[in-house]
Amino acid sequence: MQATEILMNEHRLIEQVLDCLEKILEQCTAEKQLDTKSAKQAIEFFRTFADRCHHGKEELQLFPVMQANGFSGGCSPVMVMLREHELGRLYIQGMDAAIEPAAAGDPESLKWFSEHGHSYLKLLREHIRKEDLCLFPAANLRLTERDQEQLLVAFENFEAKDILPGTHATCTKIADELADRFGVPRVTIGQADHGP
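Everything numeric here is computed off the predicted structure, so don't read it as measured data. (Residues numbered from 1 in each chain as written. Predicted model: local features only at pLDDT ≥ 70, side-chain atom pairs only at ≥ 80, totals over all residues. Heavy atoms only, no water.)

## Describing the overall build of the protein
Rule in force here: Put simply, DSSP marks the helices as runs of H or I at least four residues long and the strands as runs of E at least two long, and each gets a number from the N terminus on. Burial classification: accessible surface area is computed with a 1.4 Å probe over protein chains only, and a residue below 20% of its type maximum counts as buried, one above 50% as exposed, and the rest as partly exposed. Here the open area of atoms and residues is found with the Shrake-Rupley method and a 1.4 Å probe, where only the protein chains shown may cover a residue.
Assigned secondary structure in the protein consists of 7 helices and 0 strands. Order of helices (α) and strands (β) in the protein, N terminus to C terminus: α-α-α-α-α-α-α. A principal-axis box enclosing the C-alpha atoms of the protein has dimensions of 55 × 35 × 25 Å. Within the protein, the fraction of its 196 residues that count as buried is 47%. Carbon and sulfur atoms form 55% of the exposed surface of the protein, whose accessible area is close to 9,500 Å².

Structure below.
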């Protein structure tokens, strides 16, 4: 297995929750109120799984190896991905800040939650597409077998040291609860594919 396969498998779970976020946003627009519980669960998933676990492996492990192998410079694909990670964090902050006032019925906060949510959806779906179709295949062509082996070990160490035990199980449970609630198909990722 290559390190990028692990990341692509994680993308499928992230897409599952993006599909749920889309349903939350549709419901928010149609009913002029926010499903606060679902919104909070989605944000918890995106912050913990998509950002800390998934982007953590990319930013701390994969991207530095790619940069050492020629993917460097201010406009490199790696720099573009890093900027998109930062932008995604801002959209998550925007959604999170709007939840409580939106729950209290503030129409402006409902609007802000929806705008940040739609921006996040568009950004992440395009970001995943770029990584799956362009960045990861390019990395697989450029990185050596030794690079790949070292990345797998680094991913494992990152999950063991930097991510609390049970985090993946908790995030998968959130993803599946949301999927069941909104009629979104569940994806299956093997435990061996994505850590503790």
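## Comments concerning the nonpolar core
For clarity, the cut-off: We call a set of buried residues a nonpolar core when its members are Ala, Val, Leu, Ile, Met, Phe, Trp, Tyr or Cys and they connect through side-chain atoms within 4.5 Å of each other. The contact definition used throughout considers only heavy atoms, calling two residues in contact when any of these lie within 4.5 Å.
Core analysis: the largest hydrophobic core is formed by 41 residues, its most contacted members being Ile14, Leu18, Leu34, Phe45, Phe46, Phe113 and Tyr120. Residue assignment for this core shows that the elements contributing at least two residues are helix 1 (3-31), helix 2 (36-68), helix 3 (77-103), helix 4 (107-142) and helix 6 (167-182). Of all the elements, helix 1 adds the most residues to this core, at 9 residues. Excluding residues within four positions of it along the chain, Leu34 makes contact with Ile24, Cys28, Ala39, Ile99, Ala102, Leu110 and Phe113.

## Description of helix 6
Keep this limit in mind: Helix span, as expected, comes to 1.5 Å for every residue beyond the first.
Between its first and last C-alpha, helix 6 extends 23 Å over 16 residues, near the 22 Å set by a 1.5 Å rise per residue. Following helix 6 by one or two positions, Gly183 has its phi on the positive side, about 65 degrees.

## Re the packing of helix 1 against helix 6
Convention followed: Each axis is a line fitted through C-alpha atoms, taken for helices only over the stretch in contact, and angles between the N-to-C directions span 0 to 180 degrees. An angle below 35 degrees is treated as roughly parallel, one above 145 as roughly antiparallel, one from 65 to 115 as roughly perpendicular, and anything else as oblique. Each crossing gets its handedness from the near helix: less than a right angle anticlockwise from the far helix is left-handed, clockwise is right-handed. Charged means Asp, Glu, Lys or Arg here, nonpolar means Ala, Val, Leu, Ile, Met, Phe, Trp, Tyr, Cys or Pro, and polar covers whatever is left, Gly included.
Between helix 1 and helix 6, whose axes approach to 9 Å, the crossing angle comes to 40 degrees. Here helix 6 runs oblique to helix 1, going by the angle between their axes. In terms of crossing hand, the pair formed by helix 1 and helix 6 is left-handed. Here Glu10, Leu13, Gln16, Val17, Cys20, Lys23, Ile24 and Gln27 of helix 1 lie close against helix 6, whose contacting residues are His168, Thr172, Ala175, Asp176, Leu178, Ala179 and Phe182. A per-class count over the contact of helix 1 with helix 6 returns 8 nonpolar, 4 polar and 3 charged.

## Description of unusual backbone geometry
The residue Lys32 is not glycine, and still its phi comes out positive at about 55 degrees. With respect to the helices, strands and loops of the structure, Lys32 is situated in the loop between helix 1 and helix 2.

Interpretation in functional terms is not warranted from these geometric data alone.
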